[in-house]
There are 2 protein chains.
Amino acid sequence: MSVPTQTVDKRVERSKAKVLAETYRQLVQSGIAGVSVDEVSRISGISKTTIYRHWPSRSALLIDACSRLGGTPVAPDTGSLRGDARALLSHLAHQLQTANWGSVYPSIIDAAERDGELSTMQAALHKTFMAPFEAIIERAKAKGEIPPGRLTNDVVALLVGPFFFRRWFAKEGMDDRFIDAVIEAAIR
Amino acid sequence: MSVPTQTVDKRVERSKAKVLAETYRQLVQSGIAGVSVDEVSRISGISKTTIYRHWPSRSALLIDACSRLGGTPVAPDTGSLRGDARALLSHLAHQLQTANWGSVYPSIIDAAERDGELSTMQAALHKTFMAPFEAIIERAKAKGEIPPGRLTNDVVALLVGPFFFRRWFAKEGMDDRFIDAVIEAAIR
(Lines give C-alpha, C1' and ligand atoms only; values in the text may rest on other atoms or scores of the structure.)
Protein backbone atom coordinates (compact mmCIF):
# COMPACT_ATOMS: atom_id res chain seq x y z
CA MET A 1 0.00 0.00 0.00
CA SER A 2 1.53 3.31 -0.95
CA VAL A 3 0.88 6.49 1.02
CA PRO A 4 0.58 9.77 -0.91
CA THR A 5 3.75 11.89 -0.59
CA GLN A 6 1.80 14.87 0.72
CA THR A 7 0.42 12.81 3.61
CA VAL A 8 3.91 11.59 4.52
CA ASP A 9 5.21 15.18 4.41
CA LYS A 10 2.47 16.35 6.74
CA ARG A 11 3.15 13.50 9.13
CA VAL A 12 6.86 14.36 9.13
CA GLU A 13 6.08 18.02 9.77
CA ARG A 14 3.78 17.11 12.67
CA SER A 15 6.46 14.86 14.21
CA LYS A 16 9.12 17.52 13.85
CA ALA A 17 6.83 20.14 15.38
CA LYS A 18 6.13 17.87 18.37
CA VAL A 19 9.85 17.27 18.92
CA LEU A 20 10.68 20.98 18.64
CA ALA A 21 7.84 21.98 20.97
CA GLU A 22 8.97 19.53 23.65
CA THR A 23 12.64 20.52 23.24
CA TYR A 24 11.63 24.17 23.58
CA ARG A 25 9.58 23.37 26.70
CA GLN A 26 12.55 21.64 28.37
CA LEU A 27 14.86 24.45 27.26
CA VAL A 28 12.69 27.10 28.88
CA GLN A 29 12.22 25.02 32.03
CA SER A 30 15.79 23.92 32.68
CA GLY A 31 18.17 25.63 30.24
CA ILE A 32 20.34 23.85 27.68
CA ALA A 33 21.86 21.42 30.20
CA GLY A 34 18.35 20.23 31.08
CA VAL A 35 17.39 19.11 27.56
CA SER A 36 17.50 15.33 27.20
CA VAL A 37 16.84 13.65 23.85
CA ASP A 38 15.61 10.56 25.75
CA GLU A 39 13.04 12.70 27.56
CA VAL A 40 12.08 14.56 24.38
CA SER A 41 11.47 11.21 22.70
CA ARG A 42 9.51 9.81 25.65
CA ILE A 43 7.23 12.83 26.08
CA SER A 44 6.72 13.68 22.39
CA GLY A 45 6.14 10.03 21.51
CA ILE A 46 8.57 10.31 18.59
CA SER A 47 11.28 7.65 18.49
CA LYS A 48 14.92 8.62 18.95
CA THR A 49 15.65 7.07 15.55
CA THR A 50 13.22 9.50 13.94
CA ILE A 51 14.57 12.43 15.95
CA TYR A 52 18.14 11.67 14.88
CA ARG A 53 16.96 11.29 11.26
CA HIS A 54 15.90 14.98 11.29
CA TRP A 55 18.61 16.35 13.59
CA PRO A 56 22.01 14.65 13.34
CA SER A 57 22.99 15.61 16.91
CA ARG A 58 21.62 16.94 20.19
CA SER A 59 23.35 20.23 19.37
CA ALA A 60 21.54 20.45 16.01
CA LEU A 61 18.19 19.97 17.77
CA LEU A 62 19.11 22.58 20.43
CA ILE A 63 20.14 25.05 17.73
CA ASP A 64 16.83 24.61 15.94
CA ALA A 65 14.86 25.08 19.17
CA CYS A 66 16.95 28.07 20.27
CA SER A 67 16.40 29.82 16.97
CA ARG A 68 12.76 30.19 18.03
CA LEU A 69 13.81 32.39 20.95
CA GLY A 70 13.20 36.11 20.89
CA GLY A 71 11.51 36.43 17.52
CA THR A 72 12.75 38.62 14.68
CA PRO A 73 13.27 42.21 15.75
CA VAL A 74 12.69 45.03 13.28
CA ALA A 75 14.44 48.43 13.19
CA PRO A 76 11.96 51.20 14.04
CA ASP A 77 11.94 54.54 12.17
CA THR A 78 10.68 57.28 14.48
CA GLY A 79 12.62 60.09 12.77
CA SER A 80 15.44 60.38 15.34
CA LEU A 81 18.14 58.14 16.79
CA ARG A 82 16.89 58.92 20.31
CA GLY A 83 13.36 57.87 19.39
CA ASP A 84 14.55 54.74 17.59
CA ALA A 85 16.82 53.77 20.50
CA ARG A 86 14.02 54.38 22.99
CA ALA A 87 11.67 52.11 21.01
CA LEU A 88 14.21 49.30 20.77
CA LEU A 89 15.39 49.56 24.39
CA SER A 90 11.83 49.73 25.78
CA HIS A 91 11.08 46.52 23.92
CA LEU A 92 14.36 44.94 25.08
CA ALA A 93 13.78 45.93 28.73
CA HIS A 94 10.29 44.46 28.58
CA GLN A 95 11.50 41.23 26.97
CA LEU A 96 14.37 40.84 29.43
CA GLN A 97 12.02 41.21 32.38
CA THR A 98 9.19 39.01 31.12
CA ALA A 99 10.06 36.66 28.25
CA ASN A 100 11.28 33.07 28.50
CA TRP A 101 14.52 33.75 26.70
CA GLY A 102 15.67 35.87 29.64
CA SER A 103 16.22 32.71 31.65
CA VAL A 104 17.30 30.54 28.71
CA TYR A 105 19.92 32.79 27.13
CA PRO A 106 22.46 32.43 30.00
CA SER A 107 22.49 28.66 29.40
CA ILE A 108 23.36 29.33 25.75
CA ILE A 109 26.07 31.81 26.76
CA ASP A 110 27.49 29.24 29.18
CA ALA A 111 27.38 26.38 26.67
CA ALA A 112 29.00 28.63 24.01
CA GLU A 113 32.10 28.85 26.23
CA ARG A 114 32.76 25.14 25.73
CA ASP A 115 30.83 23.88 22.67
CA GLY A 116 31.91 25.01 19.20
CA GLU A 117 28.57 24.33 17.48
CA LEU A 118 26.60 26.20 20.16
CA SER A 119 29.16 29.00 20.05
CA THR A 120 28.47 29.42 16.33
CA MET A 121 24.75 29.43 17.03
CA GLN A 122 25.11 32.02 19.81
CA ALA A 123 27.06 34.26 17.44
CA ALA A 124 24.24 33.98 14.88
CA LEU A 125 21.54 34.68 17.52
CA HIS A 126 23.52 37.68 18.77
CA LYS A 127 23.85 39.04 15.24
CA THR A 128 20.09 38.75 14.73
CA PHE A 129 19.31 40.43 18.08
CA MET A 130 21.73 43.32 17.38
CA ALA A 131 20.84 43.92 13.72
CA PRO A 132 18.13 46.56 14.41
CA PHE A 133 20.47 48.45 16.77
CA GLU A 134 23.14 48.51 14.07
CA ALA A 135 20.56 49.66 11.52
CA ILE A 136 19.39 52.68 13.52
CA ILE A 137 23.00 53.72 14.30
CA GLU A 138 24.09 53.43 10.67
CA ARG A 139 21.07 55.47 9.60
CA ALA A 140 21.88 58.16 12.20
CA LYS A 141 25.44 58.34 10.89
CA ALA A 142 24.19 58.70 7.31
CA LYS A 143 21.87 61.54 8.41
CA GLY A 144 24.65 63.24 10.43
CA GLU A 145 22.89 62.74 13.78
CA ILE A 146 26.08 61.28 15.23
CA PRO A 147 29.67 61.62 13.93
CA PRO A 148 30.33 59.17 11.08
CA GLY A 149 33.61 58.24 12.80
CA ARG A 150 31.91 56.70 15.84
CA LEU A 151 32.21 52.93 15.75
CA THR A 152 28.81 51.28 15.42
CA ASN A 153 29.76 48.38 17.70
CA ASP A 154 30.89 50.83 20.41
CA VAL A 155 27.46 52.45 20.39
CA VAL A 156 25.73 49.04 20.41
CA ALA A 157 27.80 47.98 23.47
CA LEU A 158 26.99 51.28 25.23
CA LEU A 159 23.26 50.97 24.50
CA VAL A 160 22.69 47.27 25.11
CA GLY A 161 25.46 46.35 27.61
CA PRO A 162 23.85 48.12 30.60
CA PHE A 163 20.56 46.23 30.03
CA PHE A 164 22.19 42.80 29.83
CA PHE A 165 24.22 43.80 32.92
CA ARG A 166 21.11 44.61 34.91
CA ARG A 167 19.13 41.56 33.86
CA TRP A 168 21.73 38.84 34.33
CA PHE A 169 24.42 40.22 36.64
CA ALA A 170 23.13 43.04 38.88
CA LYS A 171 19.52 41.73 38.84
CA GLU A 172 18.15 45.28 38.82
CA GLY A 173 15.10 46.75 37.12
CA MET A 174 15.09 48.76 33.88
CA ASP A 175 12.51 51.55 33.89
CA ASP A 176 11.97 54.48 31.50
CA ARG A 177 14.29 56.68 33.53
CA PHE A 178 17.11 54.13 33.14
CA ILE A 179 16.40 53.80 29.42
CA ASP A 180 16.77 57.57 28.96
CA ALA A 181 19.95 57.67 31.10
CA VAL A 182 21.56 54.99 28.93
CA ILE A 183 20.54 56.73 25.69
CA GLU A 184 21.90 60.08 26.92
CA ALA A 185 25.24 58.48 27.80
CA ALA A 186 25.54 56.48 24.58
CA ILE A 187 24.54 59.01 21.92
CA ARG A 188 24.81 62.46 23.48
CA MET B 1 45.87 6.46 71.23
CA SER B 2 45.07 10.14 71.19
CA VAL B 3 46.23 12.45 68.40
CA PRO B 4 47.14 16.05 69.31
CA THR B 5 44.38 18.48 68.31
CA GLN B 6 46.76 20.59 66.25
CA THR B 7 47.71 17.58 64.10
CA VAL B 8 44.05 16.76 63.49
CA ASP B 9 43.34 20.38 62.57
CA LYS B 10 46.18 20.38 60.06
CA ARG B 11 44.96 17.12 58.57
CA VAL B 12 41.47 18.56 58.24
CA GLU B 13 42.81 21.70 56.61
CA ARG B 14 44.82 19.64 54.12
CA SER B 15 41.79 17.50 53.24
CA LYS B 16 39.60 20.57 52.77
CA ALA B 17 42.25 22.22 50.61
CA LYS B 18 42.48 19.11 48.40
CA VAL B 19 38.71 19.01 47.97
CA LEU B 20 38.50 22.73 47.18
CA ALA B 21 41.40 22.56 44.71
CA GLU B 22 39.82 19.65 42.81
CA THR B 23 36.38 21.32 42.85
CA TYR B 24 37.96 24.50 41.51
CA ARG B 25 39.77 22.53 38.78
CA GLN B 26 36.50 20.91 37.61
CA LEU B 27 34.71 24.25 37.84
CA VAL B 28 37.24 25.95 35.58
CA GLN B 29 37.30 23.03 33.17
CA SER B 30 33.57 22.39 32.77
CA GLY B 31 31.57 25.08 34.57
CA ILE B 32 29.21 24.46 37.46
CA ALA B 33 27.25 21.71 35.70
CA GLY B 34 30.49 19.74 35.28
CA VAL B 35 31.33 19.54 39.00
CA SER B 36 30.62 16.08 40.43
CA VAL B 37 31.09 15.34 44.14
CA ASP B 38 31.75 11.69 43.20
CA GLU B 39 34.58 12.76 40.93
CA VAL B 40 35.91 15.27 43.46
CA SER B 41 36.01 12.47 46.03
CA ARG B 42 37.65 9.99 43.64
CA ILE B 43 40.37 12.37 42.42
CA SER B 44 41.12 14.12 45.73
CA GLY B 45 41.12 10.82 47.62
CA ILE B 46 38.84 12.33 50.29
CA SER B 47 35.74 10.27 51.08
CA LYS B 48 32.30 11.64 50.31
CA THR B 49 31.41 11.26 53.99
CA THR B 50 34.26 13.61 54.90
CA ILE B 51 33.35 16.03 52.10
CA TYR B 52 29.73 16.21 53.27
CA ARG B 53 30.93 16.69 56.88
CA HIS B 54 32.58 19.97 55.81
CA TRP B 55 30.07 21.07 53.17
CA PRO B 56 26.44 20.09 53.83
CA SER B 57 25.53 20.13 50.12
CA ARG B 58 27.02 20.24 46.61
CA SER B 59 25.87 23.88 46.43
CA ALA B 60 27.77 24.73 49.62
CA LEU B 61 30.94 23.23 48.13
CA LEU B 62 30.40 25.10 44.85
CA ILE B 63 29.85 28.36 46.70
CA ASP B 64 33.10 27.90 48.61
CA ALA B 65 35.03 27.10 45.42
CA CYS B 66 33.42 29.97 43.49
CA SER B 67 34.33 32.46 46.19
CA ARG B 68 37.96 31.94 45.14
CA LEU B 69 37.18 33.37 41.70
CA GLY B 70 38.41 36.79 40.74
CA GLY B 71 40.22 37.72 43.96
CA THR B 72 39.39 40.74 46.08
CA PRO B 73 39.46 43.93 44.04
CA VAL B 74 40.56 47.19 45.69
CA ALA B 75 39.39 50.71 44.78
CA PRO B 76 42.30 52.70 43.28
CA ASP B 77 42.91 56.35 44.17
CA THR B 78 44.56 58.10 41.22
CA GLY B 79 43.16 61.54 42.05
CA SER B 80 40.37 61.60 39.44
CA LEU B 81 37.30 59.54 38.58
CA ARG B 82 38.58 59.12 35.02
CA GLY B 83 41.91 57.77 36.28
CA ASP B 84 40.26 55.49 38.82
CA ALA B 85 37.79 54.17 36.25
CA ARG B 86 40.60 53.59 33.74
CA ALA B 87 42.58 51.60 36.32
CA LEU B 88 39.59 49.41 37.26
CA LEU B 89 38.41 48.89 33.68
CA SER B 90 41.91 48.06 32.37
CA HIS B 91 42.16 45.40 35.05
CA LEU B 92 38.64 44.14 34.30
CA ALA B 93 39.28 43.99 30.53
CA HIS B 94 42.50 42.05 31.14
CA GLN B 95 40.80 39.63 33.55
CA LEU B 96 37.85 39.07 31.23
CA GLN B 97 40.16 38.23 28.35
CA THR B 98 42.61 36.01 30.22
CA ALA B 99 41.43 34.73 33.61
CA ASN B 100 39.62 31.47 34.33
CA TRP B 101 36.58 33.13 35.79
CA GLY B 102 35.75 34.54 32.35
CA SER B 103 34.62 31.09 31.29
CA VAL B 104 33.28 30.01 34.69
CA TYR B 105 31.10 33.00 35.52
CA PRO B 106 28.47 32.30 32.81
CA SER B 107 27.84 28.91 34.41
CA ILE B 108 27.17 30.68 37.72
CA ILE B 109 24.90 33.21 36.00
CA ASP B 110 23.01 30.35 34.35
CA ALA B 111 22.68 28.32 37.56
CA ALA B 112 21.54 31.44 39.45
CA GLU B 113 18.46 31.56 37.18
CA ARG B 114 17.20 28.29 38.68
CA ASP B 115 18.96 27.60 41.99
CA GLY B 116 18.17 29.80 45.00
CA GLU B 117 21.39 29.08 46.93
CA LEU B 118 23.56 29.79 43.89
CA SER B 119 21.50 32.89 43.14
CA THR B 120 22.35 34.20 46.64
CA MET B 121 26.00 33.39 46.04
CA GLN B 122 26.01 35.14 42.65
CA ALA B 123 24.52 38.24 44.27
CA ALA B 124 27.32 38.21 46.87
CA LEU B 125 30.03 37.70 44.21
CA HIS B 126 28.54 40.53 42.14
CA LYS B 127 28.51 42.83 45.14
CA THR B 128 32.19 42.07 45.81
CA PHE B 129 33.16 42.62 42.15
CA MET B 130 31.28 45.94 41.97
CA ALA B 131 32.34 47.36 45.36
CA PRO B 132 35.43 49.22 44.03
CA PHE B 133 33.37 50.76 41.20
CA GLU B 134 30.83 51.99 43.71
CA ALA B 135 33.61 53.33 45.91
CA ILE B 136 35.22 55.47 43.18
CA ILE B 137 31.83 56.84 42.07
CA GLU B 138 30.77 57.73 45.63
CA ARG B 139 34.13 59.46 46.16
CA ALA B 140 33.72 61.43 42.91
CA LYS B 141 30.26 62.55 44.04
CA ALA B 142 31.64 63.66 47.42
CA LYS B 143 34.38 65.66 45.62
CA GLY B 144 31.87 67.20 43.17
CA GLU B 145 33.45 65.52 40.13
CA ILE B 146 30.02 64.28 39.06
CA PRO B 147 26.59 65.56 40.13
CA PRO B 148 25.58 64.11 43.52
CA GLY B 149 22.17 63.31 42.05
CA ARG B 150 23.51 60.74 39.56
CA LEU B 151 22.57 57.25 40.68
CA THR B 152 25.66 55.20 41.52
CA ASN B 153 24.21 51.99 40.11
CA ASP B 154 23.42 53.77 36.80
CA VAL B 155 27.08 54.73 36.45
CA VAL B 156 28.21 51.21 37.39
CA ALA B 157 25.93 49.73 34.71
CA LEU B 158 27.23 52.22 32.13
CA LEU B 159 30.87 51.51 33.00
CA VAL B 160 30.81 47.73 33.44
CA GLY B 161 27.89 46.65 31.23
CA PRO B 162 29.69 47.25 27.91
CA PHE B 163 32.61 45.05 29.03
CA PHE B 164 30.45 42.13 30.12
CA PHE B 165 28.54 42.58 26.85
CA ARG B 166 31.69 42.28 24.76
CA ARG B 167 33.18 39.34 26.66
CA TRP B 168 30.16 37.07 26.89
CA PHE B 169 27.68 38.20 24.24
CA ALA B 170 29.35 40.04 21.33
CA LYS B 171 32.69 38.21 21.82
CA GLU B 172 34.62 41.35 20.88
CA GLY B 173 37.93 42.70 22.19
CA MET B 174 38.34 45.50 24.77
CA ASP B 175 41.34 47.71 24.06
CA ASP B 176 42.42 51.04 25.57
CA ARG B 177 40.45 52.96 22.96
CA PHE B 178 37.25 51.13 23.96
CA ILE B 179 37.99 51.70 27.66
CA ASP B 180 38.26 55.46 27.06
CA ALA B 181 35.12 55.50 24.91
CA VAL B 182 33.12 53.83 27.69
CA ILE B 183 34.49 56.18 30.35
CA GLU B 184 33.68 59.24 28.22
CA ALA B 185 30.11 58.06 27.74
CA ALA B 186 29.54 57.10 31.38
CA ILE B 187 31.02 60.04 33.26
CA ARG B 188 31.27 62.92 30.81
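This text gives an overview of the structure that appears in the document. (Residues numbered from 1 in each chain as written. Chains lettered and ligands numbered in written order. Predicted model: local features only at pLDDT ≥ 70, side-chain atom pairs only at ≥ 80, totals over all residues. Heavy atoms only, no water.)

## So, the overall build of chain A
Okay, so step 1: A tally of regular secondary structure across chain A gives 9 helices and 0 strands.
Okay, so step 2: If you list the helices and strands of chain A from N to C, you get α-α-α-α-α-α-α-α-α.
Okay, so step 3: Radius of gyration (C-alpha) of chain A: 20 Å, far over the 16 Å computed for a compact globule of 188 residues.
Okay, so step 4: The principal-axis extents of the C-alpha atoms in chain A amount to approximately 70 × 35 × 30 Å.
Okay, so step 5: The buried share among the 188 residues of chain A stands at 47%.
Okay, so step 6: Surface summary for chain A: the accessible area is close to 8800 Å², and the carbon and sulfur share equals 53%. (Helix = DSSP H or I, 4+ residues; strand = E, 2+ residues; numbered from the N terminus. Rg over C-alpha atoms; globule rule 2.2 N^0.38 Å. Buried < 20%, exposed > 50% of the residue type's maximum accessible area, 1.4 Å probe, protein only. Areas by Shrake-Rupley, 256 points an atom, 1.4 Å probe, with all protein chains shown as cover.)

## Considerations on the environment of Ala140 of chain B
Residue and element names in this part refer to chain B.
Okay, so step 1: The residue Ala140 is located in helix α7 (residues 116–142) in this model.
Okay, so step 2: Classification of Ala140 as buried rests on a relative accessible area of 1%.
Okay, so step 3: Each C-alpha atom of the pair Ala140 and Ile179 lies 19 Å from the other, and the pair is 39 residues apart in sequence.
Okay, so step 4: When sequence neighbours within four positions are dropped, the list of residues in contact with Ala140 reads Leu81, Glu145 and Ile146. (Contact = heavy atoms within 4.5 Å.)

## Points about unusual backbone geometry
Excluding glycine, a negative phi dihedral is what most residues carry, and trans is how most peptide bonds are arranged.
Residue and element names in this part refer to chain A.
Okay, so step 1: One non-glycine residue, Lys171, lies in positive phi territory at about 55°.
Okay, so step 2: Position of Lys171 relative to the elements: it lies in the loop between α8 (152–170) and α9 (176–187).
Okay, so step 3: Overall, Lys171 belongs to the partly exposed group, its relative accessible area being 37%.

## Details of helix α9 (residues 176–187) of chain B
Okay, so step 1: The terminal C-alpha atoms of α9 of chain B lie 16 Å apart, and with 12 residues this matches the ideal 16 Å at 1.5 Å per residue to within 8%.
Okay, so step 2: Those residues of α9 of chain B that fall on the buried side of the exposure criterion are Phe178, Ile179, Val182, Ile183, Ala185, Ala186 and Ile187 of chain B. Along the axis of α9 of chain B, the buried residues cluster in a sector spanning 165°; they form a single face.
Okay, so step 3: Contacts made by the buried residues of α9 of chain B are with α8 and α9 of chain A together with α5 (81–98) and α8 (152–170) of chain B. (Expected span 1.5 Å × (residues − 1). Arc of directions from axis to C-beta.)

Function cannot be read off these values alone, since they describe shape.
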